[in-house]
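Now for the letters of each chain:
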Amino acid sequence: GIQVEQSPPDLILQEGANSTLRCNFSDSVNNLQWFHQNPWGQLINLFYIPSGTKQNGRLSATTVATERYSLLYISSSQTTDSGVYFCAVERDNYGQNFVFGPGTRLSVLP
Amino acid sequence: GAGVSQSPSNKVTEKGKDVELRCDPISGHTALYWYRQSLGQGLEFLIYFQGNSAPDKSGLPSDRFSAERTGGSVSTLTIQRTQQEDSAVYLCASSRTSGRYTGELFFGEGSRLTVL
């Protein structure tokens, strides 16, 4: 099946810093999403981005489908950004389930 | 409803008992997924329902696990003869599909299962 890797596995930032999280996948995909799992365990949708670039406030994401990677940018980080960031992909074949990467654990210090 | 609803939010049971976890997806979403997340770990796929098609059960860890989806809406995940290693948060998600394309995935808040 498709393999999904995320880097770095852990990241510690000072409040106000910027960061880039990466998601690599091993096959062509139909669908890619980024999620933030907050400290209470809730998975929050950030971006639905099978290709191209999107921005939402301090966050933006870019997926280069032909090169099989996606990047999540967090600017001017805040303590509320802490948690685990997951990317999930649906393989480019109808009826496939979503495969999640192992996540990047982000800690933003005040 | 407005979002994916799961119940119970917490369940504590004794080893060997059966449990049922319920998921009510977003209205109109034809795809429904169950995942499991052990403490500090990533999401493990369990089962996927898409419309009237046969479910993808490839992620179910043993024959003690089963799931059904009635009327293309509500789904129940059943774990028989629970073991301590079944302790985890069970997450349900749903999405809209259009032809071969799957839309955005939305998660419920999960059911936390503790097996004593």
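Residues numbered from 1 in each chain as written. Chains lettered and ligands numbered in written order. Predicted model: local features only at pLDDT ≥ 70, side-chain atom pairs only at ≥ 80, totals over all residues. Heavy atoms only, no water.

A. Up close: the sheet that holds strand 8 (residues 69-74) of chain A. Residue and element names in this part refer to chain A. Spatial ordering of the open sheet is given by 1-3-8-7-6, a layout of five strands whose pairing is antiparallel. Since the sheet does not close on itself, it has two edges, and those belong to strand 1 (4-7) and strand 6 (52-56), each with one partner. Strand after strand, the sheet turns through a mean of 15° between neighbouring axes, direction not considered. Examined bridge by bridge, strand 3 (residues 19-25) and strand 8 share six bridges and lie antiparallel to one another. Its bridge partner lying in strand 8, L21 is registered against L72. (Pairing = 2+ DSSP bridges. Helix = DSSP H or I, 4+ residues; strand = E, 2+ residues; numbered from the N terminus. Axes fitted to C-alpha atoms, helices over the stretch in contact; angles between N-to-C directions.)

B. Molecular detail of the nonpolar core. Membership of the largest hydrophobic core comes to 22 residues, with the highest contact counts inside it found for W34 and L72 of chain A. Leaving out residues up to four positions away in the same chain, L72 of chain A has contacts with S19, T20, L21, W34, L46, F47, S60, A61 and Y85 of chain A. Formed by 20 residues, the second largest nonpolar core is a distinct cluster that contains V4, L32, W34 and C92 of chain B. (Core = buried A, V, L, I, M, F, W, Y, C linked by side-chain atoms within 4.5 Å. Buried < 20%, exposed > 50% of the residue type's maximum accessible area, 1.4 Å probe, protein only. Contact = heavy atoms within 4.5 Å.)

C. Inspection of the side chain of S77 of chain A at higher detail. All names here are of chain A. Relative to the assigned elements, S77 resides in the loop between strand 8 and strand 9 (83-91). In terms of polar contacts, S77 uses its side chain to reach the backbone carbonyl oxygen of Q14, at 3.5 Å. In contact with S77, not counting residues within four places along its chain, are L13, Q14, E15, G16, A17, R58 and V108. (Polar contact = N/O pair within 3.5 Å; in protein donor to acceptor, adjacent residues only side chain to side chain.)

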